[in-house]
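Examination of the molecular architecture
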Amino acid sequence: MAYVSATEMMQDAKKRGYAVGHFNLNNLEFIRAFLLAAEEAKSPVILGVSSGTAKYMGGYRAIVGSVKPFIEHLGVTVPVALHVDHGTYEEVLEAIEAGFSSVMFDGSALPFEENLRKSAELVQLCRKKGVSLECEVGGIGGEEDGVTKLGEFADPDECRKMAELGVDMLAAGIGNIHGVYPSDWPGLRFDLLDEISRVTGGVPLVLHGGSQIPAEMIQKAIALGVRKINVNTECQLAFAAAVRSYIEQGKDRVGKGFSPRAMFALAIEAVKSVALEKMQLFGSAGKA
Ligand code: 13P
């Protein structure tokens with residue numbers, strides 16, 4: 001069965017010096033696109049589920065119930081992890097119960113001691129359940145209520161303490177942000193990434209906001225210990241552009257072109273292309 005936690009993926013990525021793509025689900029079409037891309041590229045893949053997506057797609061149980069049979073239906077053989085993205089403590093517990101193979105607990109908005117305490121509890125639980133765990137130190141910048149903040153910076157000492165708990169993956173802000181990067185974005189802080197990498201003893205690091213980061217920055221980040229890279233916005237933009245082009249060309253007005261399956265066919269291809277491109281860039285293609 002290709003449905004696995006991210007633990008072994010991270011170990012292999014560390015050993016062979018690449019990063020695994022985490023691609024956010026938004027709807028059923030995204031599940032199809034990412035599974036097809038991973039199988040074609042012979043790449044491991046992590047499917048990310050935000051709270052918003054969980055609500056939209058009918059809750060964690062409905063998503064597990066869609067993804068697992070979908071893997072079998074498509075005959076996918078490469079490793080696939082189903083991962084909670086930025087979950088609260090309660091959401092993480094619910095998702096584990098529902099059968100997610102991997103979770104991210106985002107306690108970054110809590111006082112650090114509380115974030116650390118809750119993360120420590122989850123390390124124990126996840127180990128018992130065979131689920132991989134990502135935790136976060138410091139926030140990730142991005143667009144919130146129409147205001148774009150520049151990226152935040154994690155404190156290396158807090159990163160060290162979090163890594164010492166034995167988390168499988170650690171997300172730490174190094175100037176990365178979710179969403180579209182503003183034109184005045186100063187770039188990733190590689191000096192900080194280098195320091196975090198050194199003090200955390202080789203724990204796989206996670207780069208959020210992976211859309212639109214230039215290829216050479218991605219490669220440098222991987223060289224400094226990033227093993228999981230989250231991508232959502234670029235896939236959403238590709239999906240929207242494909243749907244826009246379909247409608248603008250009036251294809252929905254020809255024959256059965258109004259059927260959602262016809263309307264989304266090229267959008268699925270567009271999302272799949274983004275994922276394939278990222279799998280090449282991250283070095284995960286051909287590793288499964
Ligand atoms: P982007 O939407 O900027 O690609 O970020 C995705 C992400 O980090 C999800 O956690």
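Shown above is the structure to which this text applies.
So, here is what we can say about the structure in this document. Everything numeric in this text was worked out from a predicted model, so none of it was measured.

What counts and how
- Residues numbered from 1 in each chain as written.
- Predicted model: local features only at pLDDT ≥ 70, side-chain atom pairs only at ≥ 80, totals over all residues.
- Near = placed C-beta within 6 Å.
- Helix = DSSP H or I, 4+ residues; strand = E, 2+ residues; numbered from the N terminus.
- Pairing = 2+ DSSP bridges.
- Axes fitted to C-alpha atoms, helices over the stretch in contact; angles between N-to-C directions.
- Expected span 1.5 Å × (residues − 1).
- Buried ≥ 20, exposed ≤ 12 C-beta atoms within 10 Å, placed from the backbone.
- Arc of directions from axis to C-beta.
- Contact = placed C-beta atoms within 7 Å.
- Parallel < 35°, antiparallel > 145°, perpendicular 65-115°, else oblique.
- Left-handed = near helix turned anticlockwise from the far one by under 90°.

Attention now goes to the site of the ligand. Taken together, 14 residues surround the ligand, and among them His208, Ser211, Asn230, Asn232 and Thr233 come closest. Only strand 3 (80-87) and strand 11 (226-231) provide two or more residues apiece to the shell around the ligand.

Below, the discussion takes up the sheet that holds strand 5 (residues 132-137). Strand order in the closed barrel formed by eight strands is 1-2-3-4-5-8-10-11, and the pairing between neighbours is parallel. Each adjacent strand pair in this sheet contributes to an overall mean axis angle of 25 degrees, direction not counted. When strand 8 (residues 169-172) meets strand 10 (residues 205-207), the two strands line up parallel, connected through two bridges. Bridging across to strand 10, alanine 171 finds its partner in valine 206.

On to helix 6 (residues 112-129). Its 18 residues place the ends of helix 6 25 Å apart at the C-alpha level, agreeing with the 26 Å of an ideal helix rising 1.5 Å per residue. Along helix 6, the residues classified as buried are Asn115, Ser119, Leu122 and Cys126. The arc that holds the buried residues of helix 6, viewed along the axis, is 65 degrees, so those residues lie on one side. Projecting away from the buried face of helix 6 at angles above 90 degrees are the exposed residues Glu113, Glu114, Gln124 and Lys128. As for helix 6, its buried residues are in contact with helix 5 (89-98), strand 4 (102-105), strand 5 and helix 7 (156-164). Directly beyond the C-terminal end of helix 6, a positive phi value near 70 degrees is found at glycine 130.

A few words on the packing of helix 2 (residues 28-41) against helix 11 (residues 260-282). Axes are the key here: two packed helices are described by the angle between their axes and the distance separating the axes. Following both chains from N to C, one finds helix 2 and helix 11 inclined at 45 degrees, their axes separated by 8 Å at the closest point. In terms of their interaxial angle, helix 2 and helix 11 are classed as oblique. For the pair helix 2 and helix 11, the sense of crossing is right-handed. The segment helix 2 lies against helix 11, with Glu29, Phe30, Arg32, Ala33, Phe34, Leu36, Ala37, Glu40 and Ala41 engaging Phe264, Ala267, Ile268, Val271, Lys272, Ala275, Leu276 and Met279.

Of note in the backbone geometry, lysine 42 takes a positive phi value of approximately 55 degrees without being a glycine. Within the secondary structure layout, lysine 42 lies in the loop between helix 2 and strand 2 (45-49). With phi around 50 degrees, histidine 86 is a residue other than glycine that occupies positive phi space. Within the element layout of this structure, histidine 86 appears in strand 3.

What follows covers the pairing of strand 2. Of all five residues that make up strand 2, five are buried, and the element is covered over most of its length. Pairing analysis gives three bridges linking strand 1 (residues 20-24) to strand 2, with the strands arranged parallel. Each residue of the ladder has a partner; that of histidine 22, found in strand 2, is isoleucine 46. In the sheet, strand 2 pairs with strand 3 via five bridges, with the strands oriented parallel. Considered in strand 3, the bridge of isoleucine 46 is made with alanine 81.

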